[in-house]
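For reference, the chains in residue letters:
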Amino acid sequence: MMILFEKDEDCCGCSACEAICPKHNIKMIPNTDGGYHYPLYLGDENCINCNLCLEVCPLKKGNDMVKREKVYYAGTTKDRKLWEESTSGGAFSEICRLYQDENPVIFGARWDDEFNVVMDYVEGVENMAPFRRSKYVAANPNMVFKHVKAFLNGNRTVIFQERLVK
C-alpha cells in the first residue's frame, strides 16, 4: 500500500498528485479538522506504480521549493475602489495588473452560487473580480492543473494564486 503522507499536516494540499495520477487513484478530501485538503490513496488495485504522484509532489524528492527559507511580503493597492472590493488589500489585483498587456489567464478561488469555494479561471485582468472576495478560504484546486498546463503549452501567461508561471 502506497503511503503519500503519514500525517495530514505533512501535505501542502496542492493536489498535484491527484491531477497527475493516470488512474485517478488519488482523491483530495478535507483533513480531519475540516480545513485544507489532503490526498486519499484509493487502493492498490488501480495503482500502476508509476510514482508520478511522488515525483510531482513539491514536498517529496527534495524539491528546491521546500528547501528555501520562507519570505513574506505585504502590500496593498492605492486604488480606493479596488481596496474596498478586496479582502486582501488588493495586492493580488495589482500583481495581475502588471501583466495585463499579456492578457493573462488568472486562476483563483471564488464563491459559487451555493457559497462553496471553488477554483476557477478567467482570461484577462478585467474579469478577475470574483477572486477578490475569497482570499482567506481554502479551495481544492480540483484538477485545474490540466488547464494550467494547456494554457502554458499554448504560450499563455498564467497567474495562479499570486504566483506567475510562464
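Numbering of residues starts from 1 in every chain and runs along the sequence as written. Selection of residues for local features in this predicted model requires a pLDDT of at least 70, selection of side-chain atom pairs for listing and counting requires 80 or more, and totals for whole chains, interfaces and linings are taken over all residues. Only heavy atoms go into the side-chain values, all of them from the structure, while hydrogens and water stay out.

Under an unreviewed UniProt entry, the name given to the protein chain is 4Fe-4S dicluster domain-containing protein, and the organism recorded is Bacteroides stercorirosoris.

Participant: Where do I start with the overall build of the protein chain in this structure?
Facilitator: Scanning the protein chain for helices and strands turns up six helices and six strands. Taken from N to C terminus, the helices and strands of the protein chain fall in the order α-β-β-α-α-α-α-β-β-α-β-β. Burial classes: relative accessible area under 20% of the type maximum marks a residue as buried, over 50% as exposed, and values in between as partly exposed (1.4 Å probe, protein chains only). Counting every position in the protein chain, which comprises 166 residues, the buried fraction comes to 34%. In the protein chain, the proportion of contacts linking residues at least 24 apart, taken out of those at least 6 apart, comes to 49%. Numbering goes from the N terminus for both helices and strands, where a helix is a DSSP run of H or I of at least four residues and a strand is a run of E of at least two. Contacts were defined at the residue level, with two residues in contact if any of their heavy atoms lie within 4.5 Å.

Participant: Please clarify how the confidence of the model for the protein chain should be interpreted in this entry.
Facilitator: Interpretation of this model should avoid reading the predicted coordinates in detail wherever pLDDT is low. On average, residues of the protein chain score 83 in pLDDT, and 84% of them reach the 70 mark or higher. Confidence scores here are pLDDT values: one per residue, from the predictor, ranging 0 to 100. Of all secondary-structure elements in the protein chain, the lowest mean pLDDT belongs to strand E6 (residues 163-165), at 38, while helix H4 (residues 80-85) reaches the highest, 92. Contacts of residues 162-166 to residues separated by more than four positions or lying in other chains number 13 contacts, the stretch itself having pLDDT below 50.

Participant: Help me understand the packing of aromatic side chains in this model?
Facilitator: Any pair of aromatic rings gets described here by the distance separating the centres and the angle formed by the planes. When two rings of Phe, Tyr or Trp (its six-membered ring) have centres within 6.5 Å they constitute a pair, described as stacked for plane angles under 30 degrees, edge-to-face for angles over 60, and tilted for the intermediate range. As enumerated under the stated definition, the model contains five aromatic pairs in all. Ring geometry for Phe107 and Tyr121: centres 5.1 Å apart, planes at 35°, overall tilted. With Phe107 in strand E3 (residues 105-111) and Tyr121 in strand E4 (residues 117-123), this pair connects stretches of sequence that are 14 residues apart. Residue classification places Phe107 among the buried positions, given a relative accessible area of 0%. Three or more aromatic residues joined by ring pairs make a cluster, and in this case those are Phe107, Tyr121, Phe145, Phe151 and Phe160. Taking NZ or CZ as reference, Lys60 lies 4.5 Å from the ring centre of Phe5, over its face. A positively charged side chain is recorded as over a ring if its NZ (Lys) or CZ (Arg) lies within 6 Å of the ring centre. The angle to the ring normal must also be within 35 degrees.

Participant: Is there a simple way to think about unusual backbone geometry in this case?
Facilitator: Glycine aside, negative phi is the norm for most residues, and most peptide bonds take the trans geometry. The phi dihedral of His24 falls on the positive side, at around 55°, and the residue is not glycine. Within the secondary structure, His24 is located in the loop between helix H1 (16-20) and strand E1 (26-30). One non-glycine residue, Asn103, adopts positive backbone phi at about 45°. With respect to the helices and strands, the residue Asn103 is situated in the loop between helix H5 (91-97) and E3.

Participant: Help me understand empty space enclosed by the protein in this model?
Facilitator: The gaps left among the atoms become clear once a water-sized probe is rolled over them. Every definition here rests on a 1 Å grid over the protein atoms only: cavities are sets of points where a 1.4 Å probe fits but cannot get out, pockets are open sets enclosed by protein on both sides within 12 Å along at least five of seven lines, and lining residues have some atom within 4 Å of a point. Grid points are joined across faces, edges and corners, and a volume is the space filled by probe spheres set on the points. For the coordinates displayed, the defined rule picks out four cavities of 30 Å³ or more. Taken as a whole, the largest cavity encloses approximately 110 Å³ of empty space. A breakdown of the residues in the lining of the largest cavity according to their chemical character gives 10 nonpolar, four polar and one charged. Within this model, the second largest cavity holds a volume of roughly 60 Å³. For the second largest cavity, the full set of lining residues is Phe5, Cys11, Cys12, Gly13, Cys14, Ser15, Ala16, Cys17, Pro39, Cys57, Pro58 and Leu59. For the lining of the second largest cavity, the residue count by class is 10 nonpolar, two polar and no charged. Residue polarity follows a fixed list, in which Ala, Val, Leu, Ile, Met, Phe, Trp, Tyr, Cys and Pro are nonpolar, Asp, Glu, Lys and Arg are charged, and the others, Gly among them, are polar.

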